[in-house]
Amino acid sequence: MRRRHRAGFSDSISSLDLASLGAEVERIDQPSPTAALEDCSTSLESIESRSVESIESAESEPTSSKASTSSDSENHQSSATSVHWRGFFRLLKKGPGIPFQTLPPLKPRLTRRKSKRVRDDMVPQLSSTLDAELCCFKSTWKNFSLSELHEATNNFSHEYLIGEGGYAEVYKGQLKSGKLVAIKRLTRGSSEEMTMDFLSELGIIVHVDHPNIAKLIGYGVEGGMHLVLQLSPHGSLASLLYGPKEKLSWGIRFKIAVGTAEGLSYLHEGCQRRIIHKDIKASNILLTEDFDAQISDFGLAKWLPDQWTHHTVSRVEGTFGYLPPEFFMHGIVDEKTDVYAFGVLLLELITGRQAVDSSQQSLVMQNH
Ligand SMILES: Nc1ncnc2c1ncn2[C@@H]1O[C@H](COP(=O)(O)OP(=O)(O)OP(=O)(O)O)[C@@H](O)[C@H]1O
């Protein structure tokens, strides 16, 4: 199944590019909402419709098995998790009337092993933990109707467009209460990609609550997939750093660096799940009124079980200029993936130059 690829200086990184780097990439498992959905989405591939209904209509179809490198028990777990995610999507559609259960908090985190390699017997019972995830879904989130979103954004008019990423358009909106929000509307990619992106982002955001992480207010699944986020009045770091009139003092740059580091530290070690963002970059650092950094865009994020030293992926996803060599060469994902990207971000903050410039020169290479 094709997954989204993000690229800084060309459209995408293909598996051929990876092969040409002599990479020997092995897929061992995908312990994230995105991963759970890969199985779900595989069974959806024949469904052409882009509507949310297409997901539901697939529920009666058998769940496909995982990639050939996965063990039978992993296949079984994946089937179970994809069923959970379908249920999750059904819940989303139902909206505010859903009686959200409260479950006991998740177990405290285990101490990470320093072993070299993950073994089959370390694979956690993902399906049972997903039960807990779904029930933690915050009841305070509002399910917005399409008409509410239209009203907030003057029918998604161009003047309200405040950002565009590779997969979404982001509009400024004003709710009936007067509150200003940012409405992220997934617009690009296949319906499977959009669904995975959407659920991945929600599945991660459900765990996080930190001043340096973007805040979700609600969602909308009518007429497309929408995330309603707290508005960051200064937009993204990229818009200020590379904008026509760069106006960031050293004090603010320092504050942004520290805030981003704190947000990352929280994702890696502070919250109940070990979360790897996988796409730390200037356009994914939003700035509050007081220039506090807020990490956003969890479309590529992954959970890592505590027992695993790292995760290995078969597809290169992320943004050119921010990807560490071990990721390119071996598909290795762990906290250091984000730390490397954070290092690139620091270089950008210090030099005011982009990770990859218009002539496709990498900032890291230039500073060697
Ligand atoms: N809460 C927000 N407040 C203000 N601006 C925002 C907010 N969320 C997103 N934006 C703007 O919209 C842009 C695109 O958002 P986002 O990165 O989430 O989209 P995407 O399609 O997932 O991007 P990518 O290409 O990284 O996948 C951001 O770089 C930022 O400028």
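Residues numbered from 1 in each chain as written. Predicted model: local features only at pLDDT ≥ 70, side-chain atom pairs only at ≥ 80, totals over all residues. Heavy atoms only, no water.

**Remarks on the packing of helix α9 (residues 250-270) against helix α11 (residues 335-351)**
Reasoning step 1: The geometry of α9 relative to α11 is characterised by a closest axis approach of 11 Å and an angle of 175 degrees between their N-to-C directions. In terms of orientation, α9 lies roughly antiparallel with respect to α11. Between α9 and α11, the contacting residues are Trp250, Arg253, Ile256, Ala257, Thr260, Ala261, Leu264 and His268 on the first element and Glu335, Asp338, Val339, Phe342, Leu345, Leu346, Leu349 and Ile350 on the second.
Reasoning step 2: Taken together, the residues of the contact of α9 with α11 break down into eleven nonpolar, two polar and three charged. (Axes fitted to C-alpha atoms, helices over the stretch in contact; angles between N-to-C directions. Helix = DSSP H or I, 4+ residues; strand = E, 2+ residues; numbered from the N terminus. Parallel < 35°, antiparallel > 145°, perpendicular 65-115°, else oblique. Contact = heavy atoms within 4.5 Å. Nonpolar A, V, L, I, M, F, W, Y, C, P; charged D, E, K, R; others polar.)

**Here's the deal with the domain arrangement of the protein chain**
Reasoning step 1: Splitting the protein chain by domain gives domain 1 (140-231) and domain 2 (232-367).
Reasoning step 2: Each of domain 1 and domain 2 has a C-alpha centre, and the two are 21 Å apart.
Reasoning step 3: Listed as interface residues are 18 residues of domain 1 and, on the opposing side, 21 residues of domain 2.
Reasoning step 4: Taking both partners together, domain 1 and domain 2 bury about 1,600 Å²; carbon and sulfur atoms supply 56% of that area.
Reasoning step 5: It is Ile204, His207 and Asn212 that lose the most area in domain 1 upon contact with domain 2, and together they represent 36% of the buried surface on that side.
Reasoning step 6: Lysine 184 is the salt-bridge partner of aspartate 297, the closest N and O atoms lying 3.4 Å from each other.
Reasoning step 7: Across the contact surface, domain 1 and domain 2 share ten residue pairs in polar contact (both at pLDDT 80 or more).
Reasoning step 8: When residues of the side of domain 1 that touches domain 2 are assigned to their parent elements, the largest contribution, six residues, is made by helix α7 (residues 191-205).
Reasoning step 9: Residue composition of the side of domain 1 that touches domain 2, grouped by class: seven nonpolar, six polar and five charged. (Domains from an automatic or database assignment. Buried area = accessible area lost by both parts, 1.4 Å probe. Salt bridge = Lys/Arg side-chain N within 4 Å of Asp/Glu carboxyl O. Polar contact = N/O pair within 3.5 Å; in protein donor to acceptor, adjacent residues only side chain to side chain.)

**What about the environment of histidine 234?**
Reasoning step 1: Its place among the elements puts histidine 234 in the loop between β6 (226-230) and α8 (237-241).
Reasoning step 2: With sequence-adjacent residues up to four places away left out, histidine 234 is seen in contact with Ser239, Leu240, Leu287, Thr288, Glu289 and Phe291.

**So, α11**
Reasoning step 1: Taking 1.5 Å per residue as the helical rise, α11 with its 17 residues ought to reach 24 Å, and the 25 Å between its terminal C-alpha atoms agrees with that figure.
Reasoning step 2: Within α11, burial applies to Glu335, Thr337, Asp338, Ala341, Phe342, Val344, Leu345, Glu348 and Leu349.
Reasoning step 3: Buried-residue contacts for α11 involve α8, α9, β7 (274-276), β8 (285-287), β12 (332-333) and α12 (363-366).
Reasoning step 4: With a side-chain oxygen positioned 2.9 Å from the backbone nitrogen of lysine 336, the residue opening α11 is aspartate 334. (Expected span 1.5 Å × (residues − 1). Buried < 20%, exposed > 50% of the residue type's maximum accessible area, 1.4 Å probe, protein only.)

**Some points on the nonpolar core**
Reasoning step 1: The biggest cluster of nonpolar side chains holds 52 residues, and the ones touching the most others in it are Phe198, Leu237, Ile256 and Leu267.
Reasoning step 2: Shared between two domains, this core takes at least three residues from each, and those domains are domain 1 (140-231) and domain 2 (232-367). (Core = buried A, V, L, I, M, F, W, Y, C linked by side-chain atoms within 4.5 Å.)

**Description of the environment of serine 232**
Reasoning step 1: For serine 232, the position within the fold is in the loop between β6 and α8.
Reasoning step 2: A C-alpha to C-alpha distance of 5.5 Å links serine 232 and leucine 287, two positions 55 residues apart in sequence.
Reasoning step 3: If we ignore the near neighbours within four places in the chain, the residues touching serine 232 are Leu286, Leu287 and Gln294.

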